[in-house]
Amino acid sequence: MIRKAIIPAAGYGTRFLPASKAIPKELIPVVDKPTIQYVVEEAVAAGINEILIIISRGKEAICSHFNPDPVLEDLLRQKGRESSLETLKSLQEKAQIHFIYQEEMKGLGDAVLCARDFAGQETVAILLGDTILHHASPPSPLEGMMEVHRNRGGSVIAVRRVPRQRVSQYGVISGQPIDPRLTRIQGMVEKPKPEEAPSLLAVSARYLVTPQLFECLADTLPGVGGEIQITDALDQLCRREVVYGYEFDGIRLDIGNQLEYIKSNLMLGLHEPAMREALLQFMAEQVSIHGSANPAASEG
Ligand code: UTP
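Here the structure is a predicted model, which means the values were calculated and not measured.

With respect to the overall build of the protein chain
Scanning the protein chain for helices and strands turns up eleven helices and 13 strands. Its C-alpha atoms give the protein chain a radius of gyration of 20 Å, near enough to 19 Å, the size a compact globule of 300 residues would have. By principal-axis analysis of the C-alpha atoms, the protein chain measures approximately 60 × 50 × 40 Å. Counting all 300 residues of the protein chain, 47% fall into the buried class. Residue pairs at least 24 apart in sequence account for 77% of intrachain contacts in the protein chain once pairs closer than 6 positions are excluded.

Shown next, in the form of structure tokens:
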């Protein structure tokens, strides 16, 4: 039973400037709520009830978003706005959310290492605070990973197949397929050149890790970009114990860059019955004005 999650949300978000200068990118809304709220809801839906969000100085608005606000709650009660009140309170009741500062933004690996005491001796989930994993039907990617962990033990990393020209944006795994969606990972490399990538399976924003990961992180030196890379620690981890790559059904929406952000709004908007028809009509009009897309330009 995995009951704790770590959500790193301390990064500078330079790819999303200027929008992310004063507003944490994790708080920028997609359709009707901040990205990080989708991430917290995903963890809670998978049965997690203790969450540690890693923030940095200047990103305290993330705490305000999740902390109770008794004055606002009273106001909503007085005005009879029960459904808004319920929306605000439901997450608070389902999970305890804690916060900790990453003092210097030395990379995702360093951010996760800040959660070492919180994790203790448990297997924990790590969910990137700027990335939504959208799935059409149960189980969610995280629930699928939990199932693998329950049945086989070890650590489990979400992976998905990407076009070769895009591997240099991600951590990429090497290993042996052991069933249609599971790979026993032998190694990992951060942002390989396309011609050097050991596979086309990219690490995708969700991890279930045993306490050994924190031992590996403590020994990890700065890597690509001068940052402490979680990929380098995971590469060490799979030499010490079993790590699986789980190919999930679903779509990764990394809102940390503008194009993906716009796509995320369209895609999740299309899943809102109240918006679907109007959005489809709008997109059809845009295609007729701008012409249809060149398939070669698609990111796949
Ligand atoms: P990114 O790889 O998107 O890095 O982080 P970033 O620094 O936020 O963004 P860019 O590249 O400058 O645009 C993925 C997740 O890890 C967190 C981020 O907040 C984001 O949710 N992160 C990253 C940290 O918590 N600490 C770090 O040092 C780096």
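The discussion continues.
Overview of the site of the ligand
As a matter of local geometry, the ligand sits amid 19 residues, with G11, T14, R15, E26 and Q102 nearest to it. The contact in question runs from an oxygen atom of the ligand to an N or O atom on the side chain of E26, over 2.7 Å. Take D130: an N or O atom from its side chain is 3.2 Å from an oxygen atom of the ligand.

Some remarks on the side chain of D254
Relative to the helices and strands, D254 resides in strand β13 (residues 251–254). You can call D254 buried: its relative accessible area is 10%. Of note is the side chain of D254, whose polar atom sits 2.8 Å from the backbone nitrogen of G256. Beyond its immediate stretch of four places on either side in the chain, D254 contacts R15, D130, T131, E260 and Y261.

Overview of the environment of Y101
On the secondary structure map, Y101 appears in strand β5 (residues 96–101). Residue Y101 is classed as partly exposed on the basis of its relative accessible area, which comes to 27%. Once the C-alpha coordinates of Y101 and R57 are considered, the two residues, 44 residues apart in sequence, prove to be 7.2 Å apart. Apart from the residues within four sequence positions on either side, Y101 is in contact with I55, S56, R57, E60 and C114. A polar side-chain atom of Y101 sits 2.6 Å from a polar atom in the side chain of E60.

Some words on the packing of aromatic side chains
As enumerated under the stated definition, the model contains one aromatic pair in all. An angle of 65° between the planes, with centres 5.3 Å apart, marks the rings of F16 and Y261 as edge-to-face. Linking F16 in the loop between β1 (4–8) and β2 (29–30) with Y261 in helix α10 (residues 258–270), this pair joins segments that are 245 residues apart in sequence. A residue is classified by how much of its surface remains accessible, and Y261, at 18% relative accessible area, is buried. Above the face of the F118 ring, K4 is positioned so that its terminal group lies 5.2 Å from the ring centre.

So, the side chain of T131
Relative to the elements of secondary structure, T131 occurs in strand β7 (residues 131–134). Of the polar contacts made by the side chain of T131, one reaches the side chain of D130; its length is 2.9 Å.

Focus: helix α1 (residues 35–45)
Most of α1 is tucked away, with nine of its eleven residues classed as buried. If you check which residues of α1 are buried, you get T35, I36, Q37, Y38, V39, V40, E42, A43 and V44. Once α1 finishes, G47 follows within two positions and takes phi at roughly 100°, a positive value.

Here we look at the pattern of salt bridges
Per the counting criterion, the structure on display carries 19 salt bridges. In this structure, D74 engages R77 in a salt bridge whose closest nitrogen and oxygen atoms are separated by 2.9 Å. Taken together, the positions of D74 and R77, both in helix α3 (residues 70–78) and three residues apart, correspond to about one turn of that helix. Judged by its relative accessible area of 39%, D74 falls in the partly exposed class. Of the residues examined, R77 reaches a relative accessible area of 38% and is grouped as partly exposed.

Notes on the environment of K191
In this fold, K191 is placed in the loop between β10 (182–190) and β11 (201–209). Of the residues examined, K191 reaches a relative accessible area of 38% and is grouped as partly exposed. Excluding residues within four positions of it along the chain, K191 makes contact with V167, S168, Q169, Y170, G171 and V224. Engagement of the side chain of K191 in a polar contact is seen with the side chain of E190, the distance being 2.8 Å.

Definitions and limits used
Residues numbered from 1 in each chain as written. Predicted model: local features only at pLDDT ≥ 70, side-chain atom pairs only at ≥ 80, totals over all residues. Heavy atoms only, no water. Helix = DSSP H or I, 4+ residues; strand = E, 2+ residues; numbered from the N terminus. Rg over C-alpha atoms; globule rule 2.2 N^0.38 Å. Buried < 20%, exposed > 50% of the residue type's maximum accessible area, 1.4 Å probe, protein only. Contact = heavy atoms within 4.5 Å. Near = heavy atom within 4 Å. Polar contact = N/O pair within 3.5 Å; in protein donor to acceptor, adjacent residues only side chain to side chain. Phe/Tyr/Trp six-rings, centres within 6.5 Å; stacked < 30°, edge-to-face > 60°. Lys NZ or Arg CZ within 6 Å of the ring centre and 35° of its normal. Salt bridge = Lys/Arg side-chain N within 4 Å of Asp/Glu carboxyl O.

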